[in-house]
Amino acid sequence: MPEPLKKELCRLAAGLKEFVNYQRRSGLQLLEGGYPVSIVKPAAAVAASPEPTAAMSLEEIREEMGDCRRCKLWQSRTRLVFGSGNPKARLMFIGEAPGAEEDKQGEPFVGEAGQLLNNLLHKLDLNRQEIFISNVIKSRPPGNRTPMADEIAACRPFLIQQIEAIRPQIIVTLGGVATHALLETKTPISRLRGKWQQWQGIAVMPTFHPSYLLRFPQERKKTWEDMQQVMAIYKGKGSENSE
Ligand code: SF4
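The shown structure was predicted, so the numbers you read here are calculated from the model rather than taken from an experiment.

Enquirer: Sorry, what's going on with unusual backbone geometry here?
Expert: Glycine aside, residues mostly have negative phi, and peptide bonds are mostly found in the trans state. Residue aspartate 125 is not a glycine yet carries a positive backbone phi of 65 degrees. Summarising the element assignment, aspartate 125 is placed in the loop between helix H5 (112-123) and strand E3 (132-135). Accessibility expressed as a relative area gives 61% for aspartate 125, which makes it exposed. Positive phi values are uncommon outside glycine, yet asparagine 144 reaches one of about 60 degrees.

What follows is the structure, encoded as structure tokens:
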């Protein structure tokens with residue numbers, strides 16, 4: 001078999017495996033052959049999604065993504081939003097997906113929710129150059145709808161590659177979608193926020209998404225408290241085992 005074809009088949013198999021595993025973990029029943037009930041053509045949805053590896057740099061990951069069409073969201077995006085910040089960041093923020101402004105500019109968290117995040121970072125004496133900010137999904141879902149399971153499964157391997165490339169000390173997941181996608185749990189964000197979690201040896205602090213805080217400003221105090229725990233570790237004054 002020609003080498004390029006062999007390579008492509010391996011990539012297809014890795015993407016399909018990730019997709020099926022994600023569906024299993026999400027509790028969906030599988031039909032004979034392993035295909036989820038709710039998805040018509042999973043292989044097309046996740047075609048050529050990469051298998052997470054630790055070896056790639058951020059530049060290599062971006063190159064690998066190219067003009068990504070591994071899920072249907074490529075059709076509705078203007079720009080792919082890869083993420084930005086310090087490639088050696090000790091602190092990484094993960095959101096859900098780009099919104100309208102992010103889609104226009106190609107940068108994460110530059111809309112209204114981004115302004116709120118900037119305010120929070122400023123109050124914490126953090127700047128965007130020292131941290132890294134990304135999303136689970138790199139292309140904007142139409143109308144800012146919640147990403148679908150097949151889209152998360154297709155894009156998640158890129159997020160994993162980014163984390164492996166950066167190897168931050170702490171990850172802050174912003175909102176339920178990011179928290180569930182990373183930790184592979186269905187526990188509501190309201191129960192997870194403010195409690196340290198672990199992913200592959202990295203401390204993870206789930207908290208609310210800035211978009212949620214725009215709608216429910218009374219909840220901002222909770223995110224502030226969550227970030228105090230994060231900053232205690234980041235500045236070397238606490239332990240992620242303390243609750
Ligand atoms: S959301 Fe992710 S997997 Fe889907 S097209 Fe965009 S970059 Fe590719």
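Enquirer: It is not clear to me how the packing of aromatic side chains should be interpreted in this structure. Could you clarify?
Expert: For any pair of aromatic rings, geometry is given as the distance between the ring centres together with the angle between the planes. On inspection of all chains with the given rule, the structure shows two aromatic pairs. Residues phenylalanine 208 and tyrosine 212 carry aromatic rings whose centres are separated by 4.7 Å and whose planes lie at 35 degrees to one another, so their mutual orientation is tilted. Judged by its relative accessible area of 24%, tyrosine 212 is partly exposed. Measuring from ring centre to ring centre gives 4.8 Å for tyrosine 212 and phenylalanine 216, while their planes differ by 35 degrees; the resulting arrangement is tilted. Phenylalanine 216 gets classed as partly exposed once you look at its relative accessible area, which sits at 34%. An aromatic cluster of three or more residues is present, and its members are Phe208, Tyr212 and Phe216.

Enquirer: Can you walk me through the side chain of glutamate 151 in this structure?
Expert: Counting through the fold element by element, glutamate 151 comes out in helix H6 (residues 149-166). For glutamate 151, a relative accessible area of 0% translates into the label buried. When sequence neighbours within four positions are dropped, the list of residues in contact with glutamate 151 reads Cys71, Lys72, Leu73, Ile137 and Arg145.

Enquirer: How do you make sense of the pairing of E3 when you look at a structure like this?
Expert: The side chains of a regular strand alternate, first on one face of the sheet and then on the other. Residues of E3 alternate between two faces, with Phe132 and Ser134 on one and Ile133 and Asn135 on the opposite face, all of them buried. Note: strand E1 (residues 84-85) against E3, two bridges, orientation antiparallel. Residue serine 84 lies in a different strand from E3, and its bridge partner there is isoleucine 133. In the sheet, strand E2 (residues 91-95) pairs with E3 via four bridges, with the strands oriented parallel. Its bridge partner being in E3, isoleucine 94 is matched across the sheet by serine 134.

Reading the values: the criteria
- Residues numbered from 1 in each chain as written.
- Predicted model: local features only at pLDDT ≥ 70, side-chain atom pairs only at ≥ 80, totals over all residues.
- Heavy atoms only, no water.
- Helix = DSSP H or I, 4+ residues; strand = E, 2+ residues; numbered from the N terminus.
- Buried < 20%, exposed > 50% of the residue type's maximum accessible area, 1.4 Å probe, protein only.
- Phe/Tyr/Trp six-rings, centres within 6.5 Å; stacked < 30°, edge-to-face > 60°.
- Contact = heavy atoms within 4.5 Å.
- Pairing = 2+ DSSP bridges.

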